[in-house]
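Residues per chain are reported as follows:
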Amino acid sequence: MRLILLALCLLGALPAGAADPGLLATLDSIYEKRADPAAVKELEAELKKALDAAPDDYEVAWRKARILHWQADGARDEKLKKVLGRQTWDAGERAVKLNPERVEGNYFAATGIGAYSQAVGVMKALGEGLESKFNERLDKAIKLNPDFELGAPLLAKGRYYYELPWPKRDLGKSAALYEKVIAKHPQMLRAYLFLGETLLRDGKAEKARDAIQKVKQGSVAFDPPEGRRVQELAKKVEADIEEELK
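As a starting point, this report considers the structure included with it. All of these numbers come straight from a predicted model, not from anything done at the bench. (Residues numbered from 1 in each chain as written. Predicted model: local features only at pLDDT ≥ 70, side-chain atom pairs only at ≥ 80, totals over all residues. Heavy atoms only, no water.)

## A look at the nonpolar core
Across soluble globular proteins, nonpolar side chains have a tendency to be buried as a group. We count it as follows: Definition of nonpolar core: a set of buried residues of the types Ala, Val, Leu, Ile, Met, Phe, Trp, Tyr and Cys, connected through side-chain atoms within 4.5 Å. Burial here depends on accessible area, computed with a 1.4 Å probe over protein chains only, as a share of the maximum for the residue type. Under 20% is buried, over 50% is exposed, and the range in between is partly exposed. A run of DSSP states H or I qualifies as a helix once it reaches four residues; a run of E qualifies as a strand once it reaches two. Both are numbered from the N-terminal end. Here a residue-residue contact requires only that any non-hydrogen atoms of the pair lie within 4.5 Å.
Core analysis: the largest hydrophobic core is formed by 56 residues, its most contacted members being Tyr-107, Leu-155, Leu-193 and Leu-195. No other element matches helix H6 (residues 103-120), which puts 8 residues into this core. Apart from residues no more than four positions distant in its own chain, Tyr-107 is found in contact with His-69, Leu-138, Ala-141, Phe-148, Ala-152, Pro-153 and Ala-156. Ile-30, Tyr-31, Ala-39 and Ile-67 belong to the second largest nonpolar core, which has 12 residues in total.

## Observations concerning the environment of Trp-166
Mapped onto the fold, Trp-166 is located in the loop between helix H9 (152-163) and helix H10 (171-184). Note: C-alpha distance between Trp-166 and Pro-100 (66 residues apart in sequence) is 33 Å.

## Digging into the packing of aromatic side chains
Put simply, the test is: Working definition: a ring pair exists when centres of Phe, Tyr or Trp rings (six-membered ring for Trp) sit within 6.5 Å. Plane angles under 30 degrees give stacked, over 60 give edge-to-face, the rest tilted. Lysine NZ or arginine CZ positioned within 6 Å of the ring centre and within 35 degrees of the ring normal marks a charge as sitting over the ring.
A full pass over the atoms with the stated rule returns 9 aromatic pairs. With a centroid separation of 6.3 Å and 10 degrees between ring planes, the pair formed by Trp-62 and Phe-108 is classed as stacked. Separated by 46 residues along the polypeptide, Trp-62 in helix H4 (residues 58-74) and Phe-108 in helix H6 bring together distant segments of the chain. The pair Trp-62 / Phe-108 is uniform in exposure class, with both members buried. Relative to Phe-148, the ring of Trp-62 lies with its centre 6.5 Å away and its plane at 80 degrees, an arrangement referred to as edge-to-face. Residue Trp-62 is found in helix H4, and its partner Phe-148 is found in the loop between helix H8 (130-144) and H9; the two are separated by 86 residues along the sequence. Exposure class is identical for Trp-62 and Phe-148. Each is buried. The ring of Trp-89 has Arg-86 sitting right over it, with the charged end atom 3.8 Å from the ring centre. Cation over ring: Arg-201 sits above Tyr-162, and NZ or CZ is 4.1 Å from the ring centre.

Everything listed here is a matter of geometry and, on its own, says nothing about what the molecule does.
Below is the structure:
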């Protein structure tokens, strides 16, 4: 295989230092099993080998940011979330430097900033000037491909409007972005989850309940690890809604 890849590079079929397409397929296959900690460890090891072999390959770089994003999103300990958020941010920025006109690096750099900001506190993050950096990366991702990962850049923007402190918070804009994603990607359960949280905060508990029911009843086939994570997160939101409706 190495001899074949070398020959392809010499013939110009692959850029020097480019990752083997078969390796990328393997990385994606392992990523699909990321709910299993053993698969995450395997993926981390494969990514390290891939980056050692092709440190300037964009396709490997953004995949490194992707798994870090998954870990940061799932972290419940603030210190761990801060570390993983920063790592996601750095990995995303690395990908952006390699190819600034691709959506993946911009998106994961933004989500890394977002996770880091959640961990340190939104007010502190605003004081550190992270809002403009977050929006620069996220707005670029939306411009490049708003439908990446079933509308994930638009969901991140909606969450931005949700988590901002008053008077910057805009629950109407937040809900509108989630509904836009739902209209095009109805299988995306996280859009319903975020919509439910936004509607609850906006004093619309009955509508929030409807959104959470969509999460509970929805199929996870679009992305089983993501779908199951969202359904688990929905349990607390549902409890908060039922408490509000008492």
